[in-house]
Structures are given as C-alpha cells and as structure tokens.
Amino acid sequence: MKRVLGPMLFLAASAGLFGLDWGVLLNQAPKYSQDGFFYTETVQPWASFLLREDIDLYISGSLTLKVEPNRETDPLVPGLLIPELGRTELTWRMTDGITLNMGRFSLAESSGLIASGLFDGVSTGIALDKMEINAGVYYSGLLYKETAEIRLSQSDIDDSKPERYFSAPRIYLNGEVLFPGILNSDHSLSLGVFAQFDTRSPRVDSQYVFLHADIAAGSDFEFGFSGVCGFIEDDWSFNGVSAAVSADFTCYLPTEIEDRLLLGFHAGSGEWNDTIKPFLPVNAASQGTILSAKLSGTAGARVGYTFHPVNVLSIDLSADYLFRLDEQTYQKSDLKFNTGDSPYFLGAEFYGTLIWAPLSDLLVTAGCGAFFPQLGNAFKADAKTLWQISVSAVISL
C-alpha cells in the first residue's frame, strides 16, 4: 500500500505546488487510397505546470505506430514505433507587454507560405500601443524528419534516408511587426523577414520578405492576402529571386444555418529565367490534399463551402483546380507527365471533410475525395484517378 500511496502523494503535492494539469491524447488514423491501406496510431501524453504567476511550462511527447502496405507484395507490414518530443515550451511573461518563449513550439510566421509547425528555439513578443513585434531564432536539426518535412536541397533529400531520424540541420531567423486595427478594429497588417541558413556543404540558403493583410467588411465578408519575395543563394553565391502569393475571400452567408463560402488562390514562382527561380518554402503546405503538389512552380484556385447543420457537426466541401506554371519545376509525381503544347493544366480535385465533436473529449474527422488528371492536359491520357478515404479519432483522457 505504501508503494502505491507514495507516487500518488507526490503527484498530488506537485499539482498543488506547481499548478499541474496533465492528460493523454489517443489518435487512431486509418487511411485507404489507390496505394493501399495505411494506419497510424499515436499516444500523446502532456503536462502543464504553472511554475510562478508569470512562468508556464508545457511538456508533451508522442509515440507513433505506422502500418503501411509493402508495395511489392502488398501485405500490411508494421512500421517502427516512432518517439517524438512534442510541444515543450517555457513561457515567461516578463512584463505586461513582453513575453519570452523557449523550447519547442510553433513558429509564428503570418504569411503561411514559408514555414509552419514546431521548431526548437527562442522567441520574444513585445506588445506596444499600436503594434506588436515578434522575433525568434530556431533550429530544425533535432526534429523528426517526417514530421518536419524540410526538403530545401538535395542534401535534405539525401539525409532523409530511412536509418536517419533527425531533420535537416538548418538555422532560422524570423522578425515581424504586426499592426492590429491599422485602419479600424477589423483590419490588420503584418510585415516581416525570414531567413534560413544551412549548416552543411554544399549549402542552399534563402531569405524572404513578406506581408500579410486581413480586411473585414462588416461581419459578412473577410479578405486575406499574403505576399512573399524570396532570395536564394547556393554556396554563398546569389542564385535568383522568387515569389509567392495567397489570396482568400470569405463570405458568411445569410442563411438559417451557420455557413460560409470561400474563394482562394495560391501560386509560387517557377523556373522562368536566369533571375526568377522556383519559390522555395521551408515546409509550407502543398497545393491540394491528394495530389500534394508543392507551391514551387504551381498555382491553385479553390472554391469551398463550410456549414454546421448542428453544433457538434461541421462539413467542409472544396473543389480545387491546379496548374503548373512551367514544365521544369514540378516534375515529381506518381503520374506520368505529358509532352505537347502547353501541358500546364494538372487537373481538378474534389474533397469533403466531416468533423464531429459529440463530446468534449472526443473528436472524429473523416475525409474523402479524388483528383482527376483527365480534367487537365499535364499528365498522360491514361493517367489514373487518385483517391483517398481517411478517418481520425482523437480521444482525450
């Protein structure tokens, strides 16, 4: 009995002393596509501590089991158990307007076109009367390579071999100024710079200047715009400039149910001449959900509709048409490319997502869709339709 009471009393004392809160997330995620059946199971323990009135500590981790089809014989083969350190962040509210973050946490970059996800580093936020300043230094060499998804150079691809755990050893600098309510309370503007530096040779470095604007017209219309200009160096030699843009228009419809209509456009420069080069994001999201074409040298137009038939249910329907902006940049695909007059139209993708949250500790997400290369001319005439069905259930304990 004493062996049981000892740890319990210690945890109880720690909870009282440090303001301890803790839990476990269980995520089951099966997926089925033309490539076979995939299954991912993840256990994510977390703990939150209030060390002082002005200092918080959050610690999390994960253990993931992946089951994937062997594409030669097509049976299911179990993958390795993958341990990861998740968000592990110390937050110090130094004064009313200054906050310091240390550890592994989400990188704040407002354009959404350059980098996203967890990075190791230090950042600070300074809130002034009419603006906010954010700055940080980060490193990706201790992240798990498949989660970070950093593929900026051939060195990154070579280092992603199966026996290697860690991601590309790169250093990142970020600085941003945010003007909330620049014209009125519904508008905001962000201006920033971002840079990444390789620590290996041969090296590929890049720097970016970006802006992001959010504009609202009353409560029914919202417009968001992001623009990025990038500069690329190979082994310290200037190699060209690049650019990317993103624009989204959202309309909240005057209907009895809560619903909205989204129109969006995203594009990144390609291999256009000796000066204009492919846009080189660190790990930004791909165009589409199924085709997964990178933003480099591609463009996509989207129409989306989201509605909530009941409070615990959300349904999102989207249609994307994807293009490539040159014939050199986007060339790696499971589908074979066509040659001919202006083979720039990749095709159309249709996808639907259902999010159901019947309980506060249960979230179920289901999605299905298909990409139709037959609706474009970039791929061979006999290119197969790509499709995907996925389900994810997250339980909080």
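Residues numbered from 1 in each chain as written. Predicted model: local features only at pLDDT ≥ 70, side-chain atom pairs only at ≥ 80, totals over all residues. Heavy atoms only, no water.

Engineer: What exactly am I supposed to notice about the environment of Trp-356 here?
Structural biologist: Counting through the fold element by element, Trp-356 comes out in strand β17 (residues 345–359). Judged by its relative accessible area of 38%, Trp-356 is partly exposed. The sequence separation of Trp-356 and Leu-313 amounts to 43 residues, and the corresponding C-alpha distance is 4.6 Å. Other than its neighbours up to four places away in sequence, Trp-356 contacts Val-312, Leu-313, Leu-362, Leu-363 and Val-364. (Helix = DSSP H or I, 4+ residues; strand = E, 2+ residues; numbered from the N terminus. Buried < 20%, exposed > 50% of the residue type's maximum accessible area, 1.4 Å probe, protein only. Contact = heavy atoms within 4.5 Å.)

Engineer: How should the nonpolar core be read in this particular structure?
Structural biologist: Across soluble globular proteins, you tend to see nonpolar side chains buried next to one another. Ile-114, Phe-119, Ile-150, Phe-194 and Val-282 are the most contacted members of the largest nonpolar core, which has 24 residues in total. Listed by contribution, the elements that provide at least two residues to this core are β11 (204–217) and β12 (221–234). Among the elements that make up this core, the one with the highest residue count is β11 (three residues). Setting aside residues no more than four positions away along its own chain, Phe-194 makes contact with Leu-107, Glu-109, Ile-114, Ala-115, Tyr-172, Leu-173, Asn-174, Ser-206, Gln-207, Tyr-208, Phe-210 and Val-282. (Core = buried A, V, L, I, M, F, W, Y, C linked by side-chain atoms within 4.5 Å.)

Engineer: What exactly am I supposed to notice about the pairing of strand β16 (residues 313–324) here?
Structural biologist: In summary, the side chains of a regular strand alternate between the two faces of the sheet. In the sheet, strand β15 (residues 298–310) pairs with β16 via eleven bridges, with the strands oriented antiparallel. Of the residues in β16, the one forming a bridge with Phe-307 is Ile-315. Sheet analysis places β16 next to β17, joined by eleven bridges and oriented antiparallel. Residue pairing across strands places Asp-316 opposite Thr-353, the latter belonging to β17. (Pairing = 2+ DSSP bridges.)

Engineer: How should a nonpolar patch on the surface be read in this particular structure?
Structural biologist: Judged by side-chain polarity, Ile-215, Phe-221, Phe-223, Phe-249, Leu-261, Leu-263 and Val-303 come together as a nonpolar surface patch covering roughly 540 Å² of accessible area. Only β12 and β14 (258–268) provide two or more residues apiece to the nonpolar patch. Along the chain, Ile-215 turns up in strand β11. Overall, the relative accessible area of 41% leaves Ile-215 in the partly exposed class. (Patch = residues over 30% accessible without salt bridge, like charges linked within 9 Å, V, L, I, M, F, W, Y side chains within 5 Å. Areas by Shrake-Rupley, 256 points an atom, 1.4 Å probe, with all protein chains shown as cover. Salt bridge = Lys/Arg side-chain N within 4 Å of Asp/Glu carboxyl O.)

Engineer: Explanation requested: the pairing of strand β13 (residues 237–252) in the structure shown.
Structural biologist: Across 14 bridges, β12 lies against β13 in antiparallel orientation. What sits directly across from Phe-221, in β13, is Cys-251. The pairing of β13 with β14 spans nine bridges and is classified as antiparallel. Residue pairing across strands places Asp-248 opposite Gly-264, the latter belonging to β14. Linking two consecutive strands that pair antiparallel, namely β13 and β14, is a turn of five residues.

Engineer: Where do I start with the pattern of salt bridges in this structure?
Structural biologist: Think of it this way: side chains of opposite charge can pair up when their charged atoms draw near. By the definition in use, this model includes twelve salt bridges. Among the ionic pairs, Lys-277 bridges to Glu-271, the shortest N-O distance being 2.8 Å. With a relative accessible area of 31%, Glu-271 lands in the partly exposed category. Through salt bridges with shared partners, a single ionic network connects Asp-156, Arg-170, Asp-198 and Arg-200.

The quantities given are spatial measurements derived from coordinates; they are silent on function.
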